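# Close look at the chain arrangement
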Amino acid sequence: MSDYIKSLMDGVKAKNPSEPEFHQAVEEVVESLSLVLERHPEYRKAKILERIVEPERVVMFRVPWVDDQGNFQINRGFRIEMNSAIGPYKGGLRFHPSVNLGILKFLAFEQVFKNSLTTLPMGGGKGGSDFDPKGKSDNEVMRFCQSFMTELQRHIGQFTDVPAGDIGVGGREIGFLFGQYKRIRNEFTGVLTGKGLNWGGSLIRPEATGYGSVYFAAEMLATRGETFEGKTCLVSGSGNVAQYTVEKINELGGKVVTLSDSSGYIYDPTGINAEKLAFVMELKNARRGRIKEYADAFSGVTYTPVDPSLDHNPLWDHKADCAFPSATQNEINAKDAQNLLNNGVYLISEGANMPTTLEGVNLFLQEKILYGPAKAANAGGVAVSGLEMSQNSIRLSWSREEVDQHLQRIMKSIHKTCVDTAERFDTPGNYVNGANIGGFLKVADSMMDQGLV
Ligand code: NDP
């Protein structure tokens, strides 16, 4: 690490104490960027890095709501407007009890580079709340969403900031949020993405992140002349991203043997075929049940509950070729990374945001496996959100095939940017440098053009 990068990181840590996830996300990016600063001293002079780590705006607010028993409940809401150099702020909302300022800042920071990679004009943002939708009735979720939007609506807009879903925010929540925005502002605009098909949503948006992560993996495999045919895959999570990752892997001839939720994971050596995936979708999206039920419904399946005393996640300790972490941040630590390598895994495509710790990432890079970092591999979701914004603006809806073709084209383009940029900066095959630098250059040049703002 150069002296400049070290002093930048010291400053970030001192100014943003108790935000370890934000420090981690910044450190991973600025390490790649030291290669750029050697060739472009003008960025350093213009303090691009110092500016890019500072959100343009942070909004934090109280979200009061009433539960079904008539009790008053208070949660905290956030919106981080990180960078608008290349377009309106864009990024999801997360509802999860673990949500805090540092987690949302890490997500907003990553989003800036990811959105830049998609080729679409979108800045970076992220938001959410420490509200836990688990175990809440539909009416409670609605009252919470209405209260959340009553405050958020004054900060967002189709040309300013366009939120979407993330963990705990799916079609149901986007519907309640959109309804309240429309009611207060008296306008029907594309202020949120992930909307229902009848009211401005895009085909393929629910599928986009999972499909995109598999398309990205297929591109990585193609660099070695391989396809998904016959590959065994580990997938974590069982939400939106995980479900459509499984669907696309099956379609391309691979076999998925694991899924998880925050209570535990299932291992199904015969593979999660279309019929079993339909069961998971019904279980998770309609009944909102736990993944353990999969093991009760199908034979030959092992369920392993989470054991907090373990220093690793046993899901990553099975023989396989490819892994698709699709649950949450830091779900692969150094021990998990080593287990994956020991079990023959040579491709990782990150559906979740920052699922691998810095130590884990370094192991993957050392071993020169096909490692697709989140910024690149899971950009398909926000890319189709961008396409939803385009369709809203021209007041037309594209067919499933059209949107899917755009998605495939964008994932190929992101892959090419990563490969070409990594080569240009003398680290061939390093998708981390490729994604970080590729995403950074467009944003940095736009910031230079727009002066000191
Ligand atoms: P969902 O809420 O649909 O699903 C999340 C899944 O991950 C659930 O199975 C959940 O289990 C599990 N999970 C969440 N938190 C934890 C935790 N702390 N420990 C263990 N398991 C956990 O979210 P998504 O599928 O949308 O998001 C998954 C990941 O993908 C996130 O990192 C998100 O940021 C990222 N992502 C999502 C995009 C999208 O378009 N939706 C776009 C780009 C990235 P449980 O139900 O028990 O909580």
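### Quick word on the sheet that holds strand β4 (residues 124-129)
- Taken in spatial order, the five strands of this open sheet run β1-β2-β4-β3-β5, and their pairing is mixed. Only two strands of the sheet have a single neighbouring strand rather than two, namely β1 (57-66) and β5 (161-164). The sheet shows a mean angle of 20 degrees between the axes of neighbouring strands, direction not considered.
- Both strand β3 (residues 89-95) and β5 contribute to a ladder of four bridges, which runs parallel. Across the sheet, the residue bridging to K90 is V162, located in β5.
- The strands touched by helix α6 (residues 138-152) are β1, β2 (72-83) and β4; relative to β1, the strand with the most contacts, the crossing angle is about 145 degrees.

### What to know about the domain arrangement of the protein chain
- Under the domain assignment, the protein chain is made up of domain 1 (2-188) and domain 2 (208-372).
- The C-alpha centroid of domain 2 is placed 26 Å from the C-alpha centroid of domain 1.
- With ten residues of domain 1 at the interface, the matching set in domain 2 holds seven residues.
- For the side of domain 1 that touches domain 2, the leading source of residues is helix α2 (residues 20-39), giving five residues.
- For the side of domain 1 that touches domain 2, the class distribution of residues is four nonpolar, two polar and four charged.

### Brief notes about the environment of A217
- Within the secondary structure layout, A217 lies in helix α8 (residues 205-222).
- Linking A217 and L120, residues 97 residues apart in sequence, is a C-alpha distance of 21 Å.
- Apart from the residues lying within four places of it in its own chain, the contact partners of A217 are C322, L347, S349 and G372.

### Looking at the site of the ligand
- Around the ligand, a shell composed of 24 residues is seen, among which G239, D261, S262, A352 and G381 lie nearest.
- Counting residues per element, the shell around the ligand draws most heavily on helix α9 (residues 240-251), at three residues.
- Taken together, the residues of the shell around the ligand break down into five nonpolar, 17 polar and two charged.
- No fewer than three residues from each of domain 1 (2-188) and domain 2 (208-372) sit in the shell around the ligand.

### Observations regarding the nonpolar core
- C233, A323, L347, A376, A383 and L407 are the most contacted members of the largest nonpolar core, which has 104 residues in total.
- Each of domain 1 (2-188) and domain 2 (208-372) accounts for three or more of the residues forming this core.
- Sequence-distant contacts of A376, that is, excluding residues within four places in its chain, are made with L117, F216, I414, C418, Y431 and A435.
- Membership of the second largest hydrophobic core comes to 20 residues, among which are F131, F148, V169 and L177.

### A word on the packing of helix α12 (residues 334-342) against helix α13 (residues 358-366)
- One way to put it is that α12 packs onto α13 with a least axis distance of 7 Å and a crossing angle of 25 degrees. By the angle class used here, α12 and α13 are roughly parallel. Considering how the two elements wind past one another, α12 and α13 form a crossing that is right-handed. Side by side, α12 and α13 meet where A334, D336, A337, Q338 and L341 of the first sit next to E359, G360, L363 and F364 of the second.
- A per-class count over the contact of α12 with α13 returns five nonpolar, two polar and two charged.

### A short note on the pairing of β3
- Of all seven residues that make up β3, seven are buried, and the element is covered over most of its length.
- Bridge count between β3 and β4: three bridges; the pairing is parallel. Bridging across to β4, R94 finds its partner in G128.
- Regarding the hand of the β-α-β motif, the stretch spanning β3, helix α5 (residues 101-117) and β4 is right-handed.

Reading the values: the criteria
Residues numbered from 1 in each chain as written. Predicted model: local features only at pLDDT ≥ 70, side-chain atom pairs only at ≥ 80, totals over all residues. Pairing = 2+ DSSP bridges. Helix = DSSP H or I, 4+ residues; strand = E, 2+ residues; numbered from the N terminus. Axes fitted to C-alpha atoms, helices over the stretch in contact; angles between N-to-C directions. Contact = placed C-beta atoms within 7 Å. Domains from an automatic or database assignment. Nonpolar A, V, L, I, M, F, W, Y, C, P; charged D, E, K, R; others polar. Near = placed C-beta within 6 Å. Core = buried A, V, L, I, M, F, W, Y, C linked by C-beta atoms within 7 Å. Buried ≥ 20, exposed ≤ 12 C-beta atoms within 10 Å, placed from the backbone. Parallel < 35°, antiparallel > 145°, perpendicular 65-115°, else oblique. Left-handed = near helix turned anticlockwise from the far one by under 90°. Right-handed = clockwise from strand over helix to strand, strands pointing away.

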